[in-house]
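# A closer look at the structure
This is what each chain is made of:
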Amino acid sequence: MSEAKSFCISKNEVLEAYQRVKANKGAAGNDGQSIEDFERNLKKNLYKIWNRMSSGSYFPPPVRTVKIPKKNGGERKLGIPTVADRIAQQVVKARLEPEVDPLFHADSYGYRPGKSALDAVGQARQRCWRYDWVVDLDIKGFFDNLDQNLLLRAVKKHAPQRWIVLYIERWLKAPVQEEDGRLVPREKGTPQGGVVSPLLANLFLHYALDRWLAANYPQVPFERYADDVIAHCRTEREAQEVRKAIAERLQTCGLELHPEKTKIVYCKDDLRKRKYPNEKFDFLGYTFQPRRSKNRKGKFFINFSPAVSNKAAKAIRDTFRSWRLPQRSDKAIEDLSRMFNPIIRGWLQYYGRYYRSALYPTMRELDRDLAFWAKRKYKKLRGHLRRATHWIAHISRRSPVLFAHWQMGCRVTP
């Protein structure tokens, strides 16, 4: 590497960052350049990123804004950096993450090596059995309202090299390009969708919430996945106090709890019988609520546990509809399996971890679509939906490996 460079960044770091970005795929930024376009002149493009980053002359382009619908209504703005900018952000993330991740709280699960959303759901499940009350926290517009000055103070405290601070500050200040082409300056927040943003979010909330909560309420365990947080309390009074204290704490950090979406929940079961307005909450695609379960002796009881949420199930059904299976009569069933089974398997691995049977009604809608596909494809089944359903049921018994839900106990019912 040239001695004249201001910052010690190796070409290999940029290459590894590109490989990580390529694996994560993603859309083009405001320059319209896809990963395939970037690769057409790969060596030159990677050299340009390295040259500019190591000399201090790298300035991020504006971040393209895309609005996506929220599950609960409204819209969320995603910031999509260019491919080159994602690579530059990955270089910084790879240097900063090993410095800060070991400091993070054990119950911070989001976007961390070796931790997952299912880990957080499992821990919450265990704690809901031991604690009667939950404070379900909703931070209003977290990524849009994050205080950049406080964040940069935390970055400066932990960044091993000053160029990390320099580039993070430039990313935070980079303007946003709206869908109509307008450039909007940004004075607060970090774009949701940037490679380095989840790490910065974790660093901010490590100081704003995790450390503060552990120091001031050590008896209150919590699970946090990015800005999605639930805290467990012994009594309703403690839950009210914790909610008020967290709201005040976040306010000092420039953040606000959503007054309607933040709520206190009673974890009702066979032993906890009082009535309360809120007896369920959603966390990471699961709804926690009282459910009928069977113990090892075969006796039924009510316990407070997670299963796939209605919102998540609806999103799965919407995806089924987008596949338009009944119209794909040009495909063999093996083709449909190759196209869609990896996605189905992913859903089952995630949403089927707890209370898997709650997924079965949704998966039966997929089987219904397959029956419509069979009715349209085969002459002998045309006009006979019931016969087509029996045919799909026969295939599910003969070749259960075709679709993951057939292997996991969800059989077609004619």
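Everything quoted here is computed from the prediction, not taken from an experiment. (Residues numbered from 1 in each chain as written. Predicted model: local features only at pLDDT ≥ 70, side-chain atom pairs only at ≥ 80, totals over all residues. Heavy atoms only, no water.)

Further remarks concern the overall build of the protein chain. The helix and strand tally for the protein chain stands at 15 helices and 11 strands. Dimensions along the principal axes, computed over C-alpha positions, put the protein chain at roughly 75 × 60 × 40 Å. Here the protein chain, with 414 residues, has 49% of them falling under the buried criterion. Of all intrachain contacts in the protein chain linking residues separated by at least 6 positions in sequence, the fraction that spans at least 24 positions is 67%. Accessible surface, the protein chain: about 21000 Å² in total, of which carbon and sulfur atoms supply 48%. (Helix = DSSP H or I, 4+ residues; strand = E, 2+ residues; numbered from the N terminus. Buried < 20%, exposed > 50% of the residue type's maximum accessible area, 1.4 Å probe, protein only. Contact = heavy atoms within 4.5 Å. Areas by Shrake-Rupley, 256 points an atom, 1.4 Å probe, with all protein chains shown as cover.)

Further remarks concern the sheet that holds strand β11 (residues 300–308). Spatially, three strands are ordered β9-β10-β11 in an open sheet, and the strand pairing comes out antiparallel. Each end of this open sheet is capped by a strand with a single partner; those strands are β9 (281–283) and β11. Across the sheet, the mean angle from the axis of one strand to that of its neighbour is 50 degrees, orientation sign disregarded. (Pairing = 2+ DSSP bridges. Axes fitted to C-alpha atoms, helices over the stretch in contact; angles between N-to-C directions.)

Turning to the packing of helix α13 (residues 360–377) against helix α14 (residues 385–398), a few remarks are in order. Interaxial distance between α13 and α14 falls to 8 Å at its minimum, and their mutual angle equals 115 degrees. When the interaxial angle is binned, α13 and α14 end up roughly perpendicular. For α13 against α14, the interelement crossing comes out right-handed. Counted together, Asp367, Leu370, Ala371, Phe372, Trp373, Ala374 and Lys375 of α13 and Leu385, Ala388, Thr389, Trp391 and Ile392 of α14 form the full contact between these two elements. Considered class by class, the residues forming the contact of α13 with α14 number nine nonpolar, one polar and two charged. (Parallel < 35°, antiparallel > 145°, perpendicular 65-115°, else oblique. Left-handed = near helix turned anticlockwise from the far one by under 90°. Nonpolar A, V, L, I, M, F, W, Y, C, P; charged D, E, K, R; others polar.)

It is worth spelling out the pairing of strand β10 (residues 286–294) at this point. As defined by bridge partners, β9 adjoins β10 across three bridges and the pair is classed as antiparallel. When the bridges of β10 are listed, Phe283 appears paired with Tyr286. Counting the residues in the hairpin turn of β9 and β10 gives two residues, including Leu284, whose phi is positive at 55 degrees. Taken together, β10 and the strand that follows it, β11, pair antiparallel across an intervening segment of five residues, in which Gly298 is found at a positive phi of about 85 degrees.

The next thing to look at is the sheet that holds strand β6 (residues 222–225). Strand order in the open sheet formed by four strands is β6-β7-β3-β8, and the pairing between neighbours is antiparallel. Each end of this open sheet is capped by a strand with a single partner; those strands are β6 and β8 (263–266). Within this sheet the neighbouring strands show an average axis-to-axis angle of 20 degrees, counted without direction. Of the strands in this sheet, β6 and β7 (228–233) touch helix α9 (residues 197–216), which is tilted by about 170 degrees from β6.

This part takes up the nonpolar core. Generally speaking, soluble globular proteins have nonpolar side chains that are buried together. If you look at the biggest cluster of nonpolar residues, it comprises 70 residues, and the most contacted ones within it are Met53, Ile87 and Ile168. Here the element with the most residues in this core is α9; it accounts for 11 residues. Of all hydrophobic cores here, the second largest spans 50 residues; its members include Phe283, Ile316, Ile333 and Leu370. (Core = buried A, V, L, I, M, F, W, Y, C linked by side-chain atoms within 4.5 Å.)

With five of its six residues buried, β7 lies for the most part within the structure. Pairing between strand β3 (residues 133–138) and β7: six bridges, direction antiparallel. Residue pairing across strands places Trp133 opposite Cys233, the latter belonging to β7. The hairpin formed by β6 and β7 contains two residues between the paired strands, and Ala226 there has a positive phi angle of roughly 55 degrees.

On inspection of all chains with the given rule, the structure shows zero disulfides. Distance from the sulfur of Cys253, which forms no disulfide, to the nearest cysteine sulfur (Cys233) is 19 Å. Note on Cys267: no disulfide assigned, nearest cysteine sulfur contributed by Cys128 at a separation of 4.1 Å. With a relative accessible area of 0%, Cys267 lands in the buried category. (Disulfide = S-S within 2.5 Å.)

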